[in-house]
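Analysis of the macromolecular model
The primary structure of each chain is shown beneath.
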Amino acid sequence: MTDSSGPGPSEPSRHTEPRDGGRTSVVSDIRLWFAPERLREEGDTPDYRFSLANERTFLAWLRTAMALVGGGFAVDQFLPETGRPLRLALALILLAAGALCALRAISHWVRCERAMRRGEDLPVSRFPIALGLAVGVVALLMVIVAAFGWGG
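Scoring rules and cut-offs
Residues numbered from 1 in each chain as written. Predicted model: local features only at pLDDT ≥ 70, side-chain atom pairs only at ≥ 80, totals over all residues. Heavy atoms only, no water. UniProt positions renumbered as here; feature names shortened; annotations may be inferred. Helix = DSSP H or I, 4+ residues; strand = E, 2+ residues; numbered from the N terminus. Buried < 20%, exposed > 50% of the residue type's maximum accessible area, 1.4 Å probe, protein only. Contact = heavy atoms within 4.5 Å. Salt bridge = Lys/Arg side-chain N within 4 Å of Asp/Glu carboxyl O. Phe/Tyr/Trp six-rings, centres within 6.5 Å; stacked < 30°, edge-to-face > 60°. Axes fitted to C-alpha atoms, helices over the stretch in contact; angles between N-to-C directions. Parallel < 35°, antiparallel > 145°, perpendicular 65-115°, else oblique. Left-handed = near helix turned anticlockwise from the far one by under 90°. Nonpolar A, V, L, I, M, F, W, Y, C, P; charged D, E, K, R; others polar.

Per an unreviewed UniProt entry, the protein goes by DUF202 domain-containing protein and derives from Streptomyces rhizosphaericus. As recorded by UniProt, the Subcellular location (unreviewed entry) comment attached to the protein reads in full: "Cell membrane".

Have a look at this one:
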């Protein structure tokens with residue numbers, strides 16, 4: 001017995017061409033942040049499991065953003081013996097990474113949802129690598145500060 005809820009691998013898709021010829025602009029992506037229901041105008045509705053997985057990924061990025069923001073405040077509050085400039089720099093890096101991560105989560109959710117509706121490959125991003133490197137560098141700096149007591 002086969003599932004007849006949508007086109008299968010051998011069936012043609014009812015994919016509709018986007019109005020912009022396949023290209024999207026940053027402005028149109030940002031507009032979708034505030035009106036995600038407009039995504040329904042593009043392509044076909046994907047299997048709801050994929051949309052829910054996309055939403056779970058979005059929420060994971062938001063948890064990461066909140067952890068970075070919390071870490072930024074913790075560095076500023078709980079490393080008082082560290083010199084103010086170093087402590088402030090570490091805190092600001094973490095706070096900025098948290099803000100950037102939250103904004104990137106929204107952008108990635110919209111881009112993935114659009115790609116699924118259009119039947120395109122999911123977008124790739126260097127952001128997770130850049131974020132991982134930034135967190136790693138800040139963590140290494142914090143280990144050095146804690147081990148050697150620099151800035152105090």
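1. Thoughts on the overall build of the protein
Helix and strand counts for the protein stand at four helices and zero strands. For the protein, the succession of helices and strands along the chain, N to C, is α-α-α-α. A total of 152 residues make up the protein; the buried ones form 28% of that total. Looking at the protein alone, contacts between residues at least 24 apart form 75% of all its contacts between residues at least 6 apart.

2. Observations concerning the side chain of Arg87
Among the structural elements, Arg87 can be located in helix 3 (residues 84-118). According to the relative accessible area criterion, Arg87 is buried, its value standing at 11%. Here Arg87 is in contact with Val75, Asp76, Leu79, Pro80 and Thr82, once residues within four sequence places are set aside.

3. Quick word on the UniProt feature "transmembrane region" (unreviewed entry) in the protein
In the numbering used here, UniProt assigns the feature "transmembrane region" (unreviewed entry) to residues 58-75, 87-106 and 127-150. Across residues 58-75, helical content stands at 100% and strand content at 0%; the span's end C-alpha atoms are separated by 26 Å. For residues 87-106, the end-to-end C-alpha separation is 29 Å, with 100% helix and 0% strand making up the annotated structure.

4. Focus: the pattern of salt bridges
For the structure shown, the criterion picks out seven salt bridges. In this structure, Glu42 and Arg118 form a salt bridge, with 2.8 Å as the shortest nitrogen-oxygen distance. Note that Glu42 is positioned in the loop between helix 1 (26-34) and helix 2 (48-78) and Arg118 in helix 3, a separation of 76 residues in sequence. We classify Arg118 as buried; its relative accessible area is 5%. The partner of Arg118 in a salt bridge is Glu120, and the shortest N-O contact between them spans 3.9 Å. Among the residues examined, Glu120 registers a relative accessible area of 38% and is labelled partly exposed.

5. Some remarks on the packing of aromatic side chains
Inspection of every chain in the model, using the stated rule, returns one aromatic pair. A centroid spacing of 5.6 Å and a plane angle of 45° characterise the contact between Trp61 and Phe127, whose relative ring orientation is tilted. Note that Trp61 is positioned in helix 2 and Phe127 in helix 4 (residues 127-148), a separation of 66 residues in sequence. Overall, Phe127 belongs to the buried group, its relative accessible area being 13%.

6. What to know about the environment of Arg111
Locating Arg111 in the fold gives a position in helix 3. Taking the C-alpha atoms as reference points, Arg111 and Leu122, eleven residues apart in sequence, are found 7.9 Å from one another. Contact partners of Arg111, with chain neighbours within four places excluded, come to Asp29, Arg104, Pro123 and Val124.

7. So, the packing of helix 3 against helix 4
Two elements in contact, helix 3 and helix 4, have axes whose closest approach is 11 Å; the angle formed by their N-to-C orientations is 160°. In terms of orientation, helix 3 lies roughly antiparallel with respect to helix 4. Crossing angle aside, the handedness with which helix 3 passes helix 4 is left-handed. On the side of helix 3, the interface is formed by Leu86, Leu90, Ile93, Leu94, Ala97, Leu100, Cys101 and Arg104, while helix 4 contributes Phe127, Leu131, Val138, Leu141, Met142 and Val145. Taken together, the residues of the contact of helix 3 with helix 4 sort by class into 13 nonpolar, no polar and one charged.

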